[in-house]
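Spelled out from the first residue to the last, the chains are:
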Amino acid sequence: MFLTVALIVTLVLLLFGRDITRSAHGAISPRRSEDRSFGQLANLLISQENAFDAQCTSLLTSGQSLTRPVFAAQLSQLSAQLALWTVEASQLRRPVLAHNVNDVVAQVTEQRVDDYQSILAAVARSLTLPWTDQAPAGLGAVAAQASLTSTSRRWDRADRSLVGEPGHVTLAATMNGTALLDLSSIVHSLQESPTLALARGVGITAISVSPAALPAPPGELLMPPSSSIDLGVSVSNASYVDQPVTLIVTLVPTSGHGPSQSQSMQTVLGPLKSFAFEPKALATIASEKATLRITLKGAPAAAALTRVRTFRVVMSPSGNG
């Protein structure tokens, strides 16, 4: 009987031990899978950050050979990559792993996004490039470089967090080339580049008149009988910069029949962009003679363009008499 009881107890212990082993095995397996999946995704994110750092370093150190539009385009492309990191980092916060390595990845990445944005914005401002500033207020380029170094050191202390855990995952290290640049010297070199230098230039590119003018000598608008003249004035920005401009239209009678008229309109021309102004109709009187002057202000005249157009306006008689 005792032998039977002993056998039963032994069997129960064996079954219990097997269940415990299976349970432990089942607990380790998901953790191993989670650690390895996290490692793959985290290393992919870190590899993107390292590739960005190399591209950023290369652009800043060799950008003086590029033109303003090309340099600005590459700077904007770098900035566009940063928004994706924040999304990817937030997705790595769950499930929570050992040593809170998830939060470290997310926090380090989010801070480095701010740091890189601050550096890119500082470079864009130094060259007066059109730029949508996404950098946090108060974080200058020098502070951003120091922060990149700090977050890199923090990550160096965390990238082996999962080596001793199920899956034995080693996480990639961060590159820190941009943080080591002599940024003030690089900015000065970029500012001295002839191809990156800002040369502002605007001009009047076309003028339309309604009703259509009759045949007349150059510089004269011989108009059919009309109580008003409608103008359309196209202007262009020949530089890669946001350029505020003001268009002034004046009509001053020279025959003493009507009052002087003046209009002023403003806009901001985008880089290498054009814009069409539509002034209010200018009141006219039959047989009137006047001087029409169209002036564009805001920057020097671009090559082959003018900022001032002057016309002698001659209104035809009404034909009623």
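Structural data are supplied above this passage.
This write-up is about the structure you can find in this document. (Residues numbered from 1 in each chain as written. Predicted model: local features only at pLDDT ≥ 70, side-chain atom pairs only at ≥ 80, totals over all residues. Heavy atoms only, no water.)

### Here's the deal with the side chain of S118
- Along the chain, the position of S118 falls in helix 3 (residues 101-126).
- We classify S118 as buried; its relative accessible area is 1%.
- Within polar-contact distance, the side chain of S118 engages the backbone oxygen of L139 at 3.2 Å.
- Ignoring sequence-local partners within four residues, the contact set of S118 consists of A135, P136, L139, G140 and A144. (Helix = DSSP H or I, 4+ residues; strand = E, 2+ residues; numbered from the N terminus. Buried < 20%, exposed > 50% of the residue type's maximum accessible area, 1.4 Å probe, protein only. Polar contact = N/O pair within 3.5 Å; in protein donor to acceptor, adjacent residues only side chain to side chain. Contact = heavy atoms within 4.5 Å.)

### So, the packing of helix 3 against helix 5 (residues 183-192)
- Closest axis-to-axis distance for the helix 3/helix 5 pair is 10 Å, and the angle between their directions is 35°. As helix 3 runs across helix 5, the sense of the crossing is right-handed. Of the residues in helix 5, those in contact with I119, V123 and S126 of helix 3 are L183, V187, L190 and Q191. (Axes fitted to C-alpha atoms, helices over the stretch in contact; angles between N-to-C directions. Left-handed = near helix turned anticlockwise from the far one by under 90°.)

### Quick look at the pairing of strand 8 (residues 289-297)
- Here strand 4 (residues 243-253) runs beside strand 8; their pairing, made up of eight bridges, is antiparallel. Bridge assignment links L247 to a residue of strand 8, and that residue is L296.
- Pairing geometry for strand 8 and strand 9 (residues 308-315), over seven bridges, is antiparallel. Across the sheet, the residue bridging to T291 is R312, located in strand 9. (Pairing = 2+ DSSP bridges.)

### A closer look at unusual backbone geometry
- Here the residue pair S210 and P211 is connected by a cis peptide bond, since its omega of 5° sits within 30 degrees of zero.
- Inspection of the secondary structure puts P211 in the loop between strand 1 (202-210) and strand 2 (220-223).
- The backbone of T128 shows a phi angle near 55°, a positive value even though the residue is not glycine.
- Taking the relative accessible area as the measure of exposure, T128 reaches 35% and is therefore partly exposed.

### Comments concerning helix 5
- When helix 5 is considered as a whole, its buried residues turn out to be L183, I186, V187 and L190. One side of helix 5 holds all its buried residues, which, seen down the axis, span an arc of 100°. Away from the buried face of helix 5 by more than 90 degrees, exposed residues S184 and E192 are located. (Arc of directions from axis to C-beta.)

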